[in-house]
Amino acid sequence: MTRVMIFGTFDILHAGHLHLFRTAKNYGDELIVVVARDLNVSKIKGALPLHNERERKAMLTHIDLIDIVTLGDKKNVCTAVHRYKPDIIVLGYDQNHFVEFLKKELKRCAPATKLFRAKPYKPGLHKTHKIKNYLSRVV
């Protein structure tokens with residue numbers, strides 16, 4: 001069985017996320033989604049997500065493409081890699097924050113894990129921050 005892992009905030013689910021889930025699932029048999037912790041989202045993006053980590057995790061459990069949903073570690077993004085030992089990690093097309101650290105960590109502790117980057121799906125339209133900006137103007 002080939003295990004595939006993705007990481008993300010997944011604050012407002014949209015078609016771009018579904019594209020990422022489908023793309024990742026096409027690489028293997030089991031898809032593991034690691035949901036970013038609120039603390040880490042705040043550090044990286046400068047603000048808390050609209051939905052807290054438990055709500056975001058709960059929403060993802062209803063997507064049939066996903067086999068396992070887990071909260072990420074508060075300190076080390078690679079904790080989930082050590083726990084689940086994925087064969088493949090698929091990064092979102094715009095995911096940049098911890099990529100270099102992840103590459104180094106994979107060389108050290110999981111050299112057989114392959115890293116791929118997903119292609120964008122309508123990046124000018126399906127971006128969480130664009131949806132939030134739109135909603136803030138409408139509401």
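See the structure printed just above.
These figures come from a predicted structure and were not determined experimentally.

Definitions and cut-offs
- Every chain is numbered independently, its residues counted from 1 as its sequence is written.
- Only residues with pLDDT of at least 70 are given local features in this predicted model, and only at 80 or more are side-chain atom pairs given and counted; all residues enter the totals for whole chains, interfaces and linings.
- Derived side-chain values reflect all non-hydrogen atoms in the structure, with water molecules and hydrogen atoms excluded from consideration.
- To qualify as a helix, a DSSP run of H or I must reach at least 4 residues; to qualify as a strand, a run of E must reach at least 2; elements of each kind are numbered from the N terminus.
- Accessibility here uses a 1.4 Å probe with only protein chains present; expressed as a share of the type maximum, an area under 20% marks a residue as buried, one over 50% as exposed, and anything in between as partly exposed.
- By definition, residues are in contact when any of their heavy atoms lie within 4.5 Å.
- Accessible surface is estimated by sampling points in the Shrake-Rupley manner with a 1.4 Å probe; for residues, cover comes only from the protein chains shown.
- Any two strands with at least two DSSP bridges between them are considered paired.
- Only the stretch in contact is used when a helix axis is fitted, and all axes are lines through C-alpha atoms; the angle between N-to-C directions ranges over 0 to 180 degrees.
- In these notes, a set of buried Ala, Val, Leu, Ile, Met, Phe, Trp, Tyr and Cys residues joined through side-chain atoms within 4.5 Å is what counts as a nonpolar core.
- Polar contacts here mean pairs of N or O atoms no more than 3.5 Å apart (in protein, one a potential hydrogen donor and the other a potential acceptor; neighbouring residues in sequence count only if both atoms are side-chain atoms).
- Side-chain rings of Phe, Tyr and Trp (the six-membered ring for Trp) are treated as a pair once their centres are within 6.5 Å; stacked means planes under 30 degrees apart, edge-to-face means over 60, and tilted covers the remaining angles.

### Points about the overall build of the chain
- In terms of helices and strands, the chain carries 6 helices and 5 strands.
- Shown N-terminal to C-terminal, the secondary structure of the chain runs as helices and strands in the order β-α-β-α-α-β-α-β-α-β-α.
- Within the chain, the proportion of its 139 residues that are buried is 44%.
- Considering only intrachain contacts with a sequence separation of at least 6, the fraction spanning at least 24 residues in the chain is 73%.
- Looking at the chain as shown, the accessible area adds up to about 8,200 Å², and 55% of this sits on carbon and sulfur atoms.

### Re unusual backbone geometry
- With phi around 55°, F10 is a residue other than glycine that occupies positive phi space.
- Looking at the element boundaries, F10 is found in the loop between β1 (3–8) and α1 (15–25).

### Quick notes on the sheet that holds strand β4 (residues 88–91)
- Read from one edge of the open sheet, 5 strands run β3-β2-β1-β4-β5, paired in parallel fashion. A single partner strand is all that each edge strand has here, and the edge strands are β3 (68–71) and β5 (114–117). Across this sheet, the average inter-strand angle for adjacent strands is 25°, counted without regard to direction.
- Sheet strands touched by helix α3 (residues 53–60): β2 (30–35) and β3. Its angle to β3, the strand with the most contacts, is close to 175°.

### So, the nonpolar core
- Core analysis: the largest hydrophobic core is formed by 17 residues, its most contacted members being I6, F21, L31, V33, L60, I66 and V90.
- Going through the elements one at a time, β1, α1, β2, β3 and β4 are the ones with two or more residues in this core.
- Residue contacts for F21: discarding those within four places in its chain leaves I6, F10, L31, V33, L60, I63, L65 and I66.
- Residues M5, V34, A80 and I89 belong to the second largest nonpolar core, which totals 16 residues.

### A few points about the side chain of E30
- Checked against the element boundaries, E30 lands in strand β2.
- On the accessibility criterion, E30 (13% relative accessible area) is buried.
- One polar contact links E30 to R3, side chain to side chain, over a distance of 2.5 Å.
- If we ignore the near neighbours within four places in the chain, the residues touching E30 are M1, T2, R3, V4, K25, D67 and I68.

### Focus on the pairing of β3
- Of the two faces of β3, both are covered, the one formed by I68 and T70 as well as the one formed by V69 and L71.
- Both β2 and β3 contribute to a ladder of 4 bridges, which runs parallel. Pairing of V33 across the sheet is with V69, part of β3.

### Some details on the packing of aromatic side chains
- The tally for this structure, following the rule as stated, stands at 3 aromatic pairs.
- Between the aromatic rings of F7 and F98, the centroid separation amounts to 5.2 Å while the plane-to-plane angle is 75°, which identifies the pairing as edge-to-face. Of this pair, F7 sits in strand β1 while F98 sits in the loop between β4 and α5 (99–109), and the two are 91 residues apart along the sequence.
- Residue classification places F7 among the buried residues on the basis of a relative accessible area of 4%.
- Pairing Y27 with F116 gives two aromatic rings, centres 4.6 Å apart and planes at 20°, and the pair type is stacked. With a gap of 89 residues between them, Y27 in the loop between α1 and β2 and F116 in strand β5 connect regions that are remote in the sequence.
- Owing to a relative accessible area of 31%, Y27 belongs among the partly exposed residues under this scheme.
- With relative accessibility at 29%, the residue F116 sits in the partly exposed group.

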